[in-house]
Amino acid sequence: KPPPKQIKIAPPVTTTGLTDVDVRSGMQVAALKQAVTDHLRYSIGHPPVATTLHDYYYALALAVRDRMQHRWLNTLQTNFDLKRKIVCYLSAEFLMGPHLGNNLLNLGIEQEARAALAELGQDLDIVLECEEEPGLGNGGLGRLAACYLDSLATLQRPAVGYGIRYEFGIFDQEIHDGWQAEITDKWLRYGNPWEIAKPEVAHYVNWGGHTEYYRDEAGNDRVRWMPYRVVKGTAYDTPTQGYGVNNCNTLRLWSAEAVESFDFQAFNTGDYYQAVEDKIISETVTKVLYPNDEPQIGKHLRLGQQYFFVSCSLQNMLHILSLSGVPVENFAERYAVQLNDTHPSIGVVELMRLLVDERRLDWDKAWAITVQTFGYTNHTLLPEALETWPLPMFQALLPRHLEIIYEINRRFLDEVRARFSGDEARVARMSLIGEEGEKCVRMAHLAAVGSHAINGVAALHSDLLKASVLKDFYEMWPERFSNKTNGVTPRRFLALANPGLRALLNEALGEQWPVNMEQLHQLEAKADDAAFRRKWRAIKEANKKRLADYILAHTDIELDPTWLFDIQVKRIHEYKRQHLNVLHIVTLYRRLKENPGLNISPRAFIFGGKAAPGYFMAKRIIKLINGVAETINADPDVNTRMKVAFVPNFNVQNAQLIYPAADLSEQISTAGKEASGTGNMKFMLNGALTIGTLDGANVEIREEVGAENFFLFGLTTEEVEHIKREGYHPTDCIASNSELRTVLELINSGYFSRGDAEVFRSVVNNLTYSDPFLVLADYAAYVACQERVSAAWQDKENWTRMSILNTARSGKFSSDRAIREYCDEIWNVQPATVKL
Ligand code: GL2
């Protein structure tokens, strides 16, 4: 039969002379304007009289998504045709931040969109503010996953981010009378133009019940899991556009639903209310993000969330593999699956279950595939943050997985015994099951045993991993270990956040630096050019003005943009030592009160960050910052030279105003506690100088920028360990430092809490009698270092020089560098060029 005759239909032409194709994918002003108008009419459907600013946001977002959709489908097709290996980044958190501005930047159509909106009488900057930020993460770990998706697409690597579509993301923080109040984050309230629901992409996830043994047709012993409940996961896809390339990857988030056939018919015939209740229970799984940064709390539902998204993701990979006609034996050739911390590490067991129980592979073959597939990134050394699950809880939720863990463990411990014969203490230390106290499953051990590659997130952290929490595993498999220092995307955190600096960099270096950050080194020569320094300062001051306006609008505190902006923004945690910063502020305050003529550099101390709702001490620290702010800002003796502000609700959106406005970046964690930090890199990119300890990536930042351009203070990791071993007595620090004693007494007296001497007693007592993070041990060194900062600020020209050098030498901290290392050294994933 002859093939059907192809009929070419000319694309319809609109009244503007644009074709439909133009309206869906054209990048010119006229096409964008028509697309926005069309979406206002056909997708949103409010009459002109009822059209809101948010409608313009939504319509532009849909117009932008159309343009990405075109690239996205081409990317999927290209990857399919080229049969490329795909990175699957498994993460319980993706802290994406607002999409619109970033997508316009990555598509290269900001100016066109601005002009199109202007023709419709709207201002892009105001429209951008309408976006409800998707806060599906707590802090650094979740934001890292988002930066990595940006780099994967930009570097043209086929990749999928797999995670959870939480209905409520990280809570919104309000400050009431100085205290943190948590407000539910209803980010989906007005819809989400960026996601595409794929109800047909669904997988079923079992819970609870028991296992049964049976013999299959071929006479092999097999196991069947008889679950108590089945939950359905459906996919919601968000395209993630690379910068300056056509590649557009996928963020696939799973949402939980009830399975009607299961609940309604098989189990609850006739019991309508029971059936509806089951529906509610099923949908609870993806309701809310647990708002704990580190540590995570061992809640049943949290384990449920982890298993749910991991199972959906792995089933999805297997499904796509069979659609592509690739045998399951080749799984590891087609997928590199990265575990972002231990949260998805149940994946090791789930892949074994899917391969052995469902695909009937033999154990050894399945195990080889599993280990070849997974890589594990560790993000913390804090012992309380290393995940374990109580055995009874684990058994109740995942009975089949516990059996598989026992078998993995049996084989693994045989290997340990073969390598280290007679060393039963080592066997107990390495076991996947913790036996001291309540028995538990150790997720970090599971991740380490089931992965061919294990990495830390900064050089120091990777070394400490090998020497402490994963020491035994390092001795067993040294070849599995490597370092992958974190990075951040210069697109969002420099080009988008700091348009003033972007323009100057474009002028000085051309426009390739966002994808080739090593080019920033060329700025070093400019550091000695006085005219360039003037431009640099003007940009910083404009950024400070922009932040001051924001802070005034949100706190009523007025800051002077000519002052030194000293900023600490990050989750509130004792190890990050926001209270050390406060002790310095109170010290300075007292000095000024006692000596009004004291010559200090005027400073604005700016804080921001959320506390886990159940973290007592962190919430007191927020109250303390606000109490100190209230007193100081109202005191005319000092408020012409120092002020304190707490920016409520630190998130990606306001972070983009904060980093570019910083002169000084506070990175003052106890040495050995901050795995890497990524805020430190975002400040550096934007030309802030760092005051910091030798912790996490600070070490490498100092190496890159040079010791003379970094304010270093404090105990080293070895010194911290030494002091702790010898027995640390914070009272000794107080006894030998009368200024410190006075500062603590002042806080304890109720001076910063309107006379209430109770409020901060717990904070002061904790520092005085326990001080687990050595705040007092580092106090004197910190205050002295701040004096050096103050003196350095007086020399404007030299400060600017140092600021320029910070940006110039920040190239290493691009997430592109990090992703290249992961691709080359762990994932073995090659770029695929996408043509339109
Ligand atoms: C963290 C570390 O604390 C932080 O230092 C690191 O930069 C990020 C990303 O690697 O990971 N670990 C962790 O559990 N959270 C982090 O932010 N929440």
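Some thoughts on the domain arrangement of the chain
Accessible area lost on assembly of the parts is the figure often given for the size of an interface.
Right, on to step 1. For the chain, the assigned domains are domain 1 (83–98 + 133–484) and domain 2 (524–819).
Right, on to step 2. For domain 1 and domain 2, the distance between their C-alpha centroids amounts to 36 Å.
Right, on to step 3. Contacts between domain 1 and domain 2 engage 37 residues on the former and 41 residues on the latter.
Right, on to step 4. Both faces considered, domain 1 and domain 2 share a buried interface measuring about 3,300 Å² in area, 60% of it formed by carbon and sulfur atoms.
Right, on to step 5. Sorting the residues of domain 1 by area buried against domain 2 places Gln173, Trp179 and Leu460 first, and these three jointly supply 18% of that buried surface.
Right, on to step 6. Our count for the domain 1 to domain 2 interface comes out at 3 salt bridges.
Right, on to step 7. Residue Asp177 is joined to Arg754 by a salt bridge in which the shortest nitrogen-to-oxygen separation is 3.8 Å.
Right, on to step 8. Applying the counting criterion to the domain 1 and domain 2 interface returns 15 residue pairs in polar contact (both at pLDDT 80 or more).
Right, on to step 9. Elements with a contribution of two residues or more to the side of domain 1 that touches domain 2: helix 7 (140–154), strand 5 (172–176), strand 6 (179–183) and helix 18 (459–467).

Points about the sheet that holds strand 15 (residues 433–434)
Right, on to step 1. Spatial strand order, 14-16-15: 3 strands in an open sheet with antiparallel pairing. Looking along the sheet, the strands with just one partner apiece sit at the ends: strand 14 (388–390) and strand 15.
Right, on to step 2. Across 3 bridges, strand 14 lies against strand 16 (residues 440–442) in antiparallel orientation. By the bridge assignment for strand 16, Trp389 is matched with Val441.

A few points about the site of the ligand
Right, on to step 1. Taken together, 14 residues lie near the ligand, and Asp293, Glu294, His379, Asn486 and Glu674 sit nearest.
Right, on to step 2. Within the backbone of Gly140, a nitrogen or oxygen atom sits 3.4 Å from an oxygen atom of the ligand.
Right, on to step 3. Residue Asn486 places a side-chain N or O atom 2.8 Å away from an oxygen atom belonging to the ligand.
Right, on to step 4. Taken by itself the ligand offers 390 Å² of open surface, and the protein chains cover 96% of this.

Some details on helix 10 (residues 300–323)
Right, on to step 1. For helix 10, with 24 residues, the first-to-last C-alpha span of 34 Å sits near the 34 Å given by 1.5 Å per residue.
Right, on to step 2. The buried fraction of helix 10 amounts to 18 of the 24 residues, a majority that puts the element mostly inside the structure.
Right, on to step 3. Of the residues one or two after helix 10, Gly325 is the one with positive phi, at around 75 degrees.

A closer look at the confidence of the model for the chain
Right, on to step 1. In the predicted model, the chain carries a mean pLDDT of 96, and 97% of its residues have values of at least 70.
Right, on to step 2. In the model output, the complex is listed with pTM 0.97 alongside ipTM 0.99.

With respect to the packing of aromatic side chains
Right, on to step 1. Tallied over the entire structure, the rule returns 22 aromatic pairs.
Right, on to step 2. With a centroid separation of 6.0 Å and 50 degrees between ring planes, the pair formed by Tyr589 and Tyr751 is classed as tilted. A residue pair is termed long-range when its members are at least 10 positions apart, and Tyr589 in helix 23 (residues 578–594) and Tyr751 in the loop between helix 30 (738–748) and helix 31 (761–769) qualify at 162 residues.
Right, on to step 3. Assessed through its relative accessible area of 1%, Tyr589 is described here as buried.
Right, on to step 4. Overall, Tyr751 belongs to the partly exposed group, its relative accessible area being 35%.
Right, on to step 5. Taking 5.0 Å as the distance between ring centres and 85 degrees as the angle between the ring planes, the aromatic pair formed by Trp793 and Trp799 counts as edge-to-face.
Right, on to step 6. Residue Trp799 is classed as buried on the basis of its relative accessible area, which comes to 5%.

Some points on the environment of Tyr89
Right, on to step 1. Residue placement: Tyr89 occurs in strand 1 (residues 86–90).
Right, on to step 2. Take Tyr89: its relative accessible area is 1%, and that puts it in the buried class.
Right, on to step 3. Sequence separation of Tyr89 and Tyr659 is 570 residues, and the distance between their C-alpha atoms is 27 Å.
Right, on to step 4. When sequence neighbours within four positions are dropped, the list of residues in contact with Tyr89 reads Phe94, Leu144, Ala145, Tyr148, Val160, Gly161, Tyr162, Gln338, Asn340 and Trp827.

Calculation notes
Residues numbered from 1 in each chain as written. Predicted model: local features only at pLDDT ≥ 70, side-chain atom pairs only at ≥ 80, totals over all residues. Heavy atoms only, no water. Domains from an automatic or database assignment. Contact = heavy atoms within 4.5 Å. Buried area = accessible area lost by both parts, 1.4 Å probe. Salt bridge = Lys/Arg side-chain N within 4 Å of Asp/Glu carboxyl O. Polar contact = N/O pair within 3.5 Å; in protein donor to acceptor, adjacent residues only side chain to side chain. Helix = DSSP H or I, 4+ residues; strand = E, 2+ residues; numbered from the N terminus. Pairing = 2+ DSSP bridges. Near = heavy atom within 4 Å. Areas by Shrake-Rupley, 256 points an atom, 1.4 Å probe, with all protein chains shown as cover. Expected span 1.5 Å × (residues − 1). Buried < 20%, exposed > 50% of the residue type's maximum accessible area, 1.4 Å probe, protein only. pLDDT = per-residue confidence, 0-100. Phe/Tyr/Trp six-rings, centres within 6.5 Å; stacked < 30°, edge-to-face > 60°.

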